[in-house]
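# Results of the structural survey
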Amino acid sequence: MQVTDLTLSFGEKQVLDRFSLKIPQGVTVLSGPSGCGKTTLLRVIAGLEQPQSGQVEGIAPAETAFLFQEDRLFPWRTVEQHLTDVLPRSRWNEVPRWIALAELKGEERRRPAALSGGMRRRLALVRCLALGGKLYLLDEPFTGIDPERTRRLMAFLRELGTPVLLSSHETQVLSLADQVVQLGGYPLHIL
């Protein structure tokens, strides 16, 4: 999986200029200053933004699972329902496993408004992971999650055996990654 010569501008602002990156196995963290283009890169790989030129090779958008910076939880759905919403009925037996991974046991019937920010973020993350895919694209997945839970969740990501590309500024997340790609921008470039 790789991106080759991606170019993307928003008006006069060039975010990507012939940007290329090979996506390795394991957990890779994209690290760089806010606004350098990390989110745009993830969105292009997921097929949510179309570059003016260049290509994403080895992965189709339908084969990715994307976690947005915002939790994007439905306020009228419970923790359990957020998982059954993304899993086919034949996999509903997995719901307790995902709830345990998110450390939300006992919260199954609560709606997002009754959860803390870290709890909502963990729910959004495991909902994304439950989708499955050949590549996980996670935009700031550990915002508001305490260090111990972050460590446990990073260990789980590594055990997936699926490439994970995530953006983060957090020192702990960088230290737990298999690879770190240091980025700068505009336009986005590898340091």
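Provided above is the structure to which this section pertains.
Attention here is on the structure that accompanies the text. Predicted model only: the values in this text are computed from it and were never measured. (Residues numbered from 1 in each chain as written. Predicted model: local features only at pLDDT ≥ 70, side-chain atom pairs only at ≥ 80, totals over all residues. Heavy atoms only, no water.)

## Remarks on the nonpolar core
- Trp-98, Leu-129, Leu-138, Phe-142, Met-154, Leu-157 and Leu-166 are the most contacted members of the largest nonpolar core, which totals 35 residues.
- Of all elements in the fold, only β3 (27–31), β5 (64–67), α2 (79–86), α3 (95–101), α4 (117–131), β6 (135–139), α5 (147–159) and β7 (164–167) reach the threshold of two or more residues within this core.
- Of all the elements, α4 adds the most residues to this core, at eight residues.
- Counting residues in hydrophobic clusters, the runner-up holds 23 residues, among them Leu-16, Ile-59, Leu-165 and Leu-183. (Core = buried A, V, L, I, M, F, W, Y, C linked by side-chain atoms within 4.5 Å. Buried < 20%, exposed > 50% of the residue type's maximum accessible area, 1.4 Å probe, protein only. Helix = DSSP H or I, 4+ residues; strand = E, 2+ residues; numbered from the N terminus.)

## Some words on the sheet that holds strand β1 (residues 2–10)
- Strand order in this open sheet of three strands is β2-β1-β4, and the pairing throughout is antiparallel. In this open sheet, the two edge strands, each paired with only one partner strand, are β2 (13–22) and β4 (53–57). If you compare each strand with its neighbour and ignore which way they point, the axes differ by 25° on average.
- Pairing analysis gives four bridges linking β1 to β4, with the strands arranged antiparallel. Across the sheet, Thr-7 pairs through a bridge with Ser-53, a residue of β4.
- Together, β1, β2 and β4 form the strand contacts of helix α1 (residues 38–45), whose direction differs from that of β1 by roughly 115°. (Pairing = 2+ DSSP bridges. Axes fitted to C-alpha atoms, helices over the stretch in contact; angles between N-to-C directions. Contact = heavy atoms within 4.5 Å.)

## Quick look at the environment of Leu-191
- Tracing the sequence through the fold places Leu-191 in the segment after β9 (189–190).
- Classification of Leu-191 as exposed rests on a relative accessible area of 66%.
- With 159 residues separating them in the primary sequence, Leu-191 and Gly-32 have C-alpha atoms 9.3 Å apart.
- Sequence-distant contacts of Leu-191, that is, excluding residues within four places in its chain, are made with Gln-182, Leu-183 and Gly-184.

## Regarding α4
- Over its 15 residues, α4 runs 22 Å from end to end, which matches the ideal 21 Å to within 8%, given 1.5 Å per residue.
- By the criterion of burial, α4 is predominantly enclosed, with 12 of the 15 residues buried.
- Looking only at α4, the buried set comprises Gly-118, Met-119, Arg-121, Arg-122, Leu-123, Ala-124, Leu-125, Val-126, Arg-127, Cys-128, Leu-129 and Ala-130.
- Directly beyond the C-terminal end of α4, a positive phi value near 75° is found at Gly-132. (Expected span 1.5 Å × (residues − 1).)

## Digging into the packing of α2 against α4
- α4 packs onto α2 with a crossing angle of 25° between their chain directions and a minimal axis gap of 9 Å. In this view, α2 runs roughly parallel relative to α4, as classed from their interaxial angle. Between α2 and α4 lies a crossing whose hand is right-handed. Across the interface between the two elements, Val-79, His-82, Leu-83 and Val-86 of α2 pack against Leu-123, Val-126, Arg-127, Ala-130 and Leu-131 of α4.
- The class makeup of the residues in the contact of α2 with α4 is seven nonpolar, one polar and one charged. (Parallel < 35°, antiparallel > 145°, perpendicular 65-115°, else oblique. Left-handed = near helix turned anticlockwise from the far one by under 90°. Nonpolar A, V, L, I, M, F, W, Y, C, P; charged D, E, K, R; others polar.)

## Remarks on the packing of aromatic side chains
- Enumeration according to the criterion identifies three aromatic pairs in this entry.
- Stacked on the ring of Phe-68, the Lys or Arg Arg-72 has its end atom at 3.7 Å from the ring centre.
- Lying across the ring of Trp-98, Arg-97 places its NZ or CZ 4.5 Å from the centre. (Phe/Tyr/Trp six-rings, centres within 6.5 Å; stacked < 30°, edge-to-face > 60°. Lys NZ or Arg CZ within 6 Å of the ring centre and 35° of its normal.)

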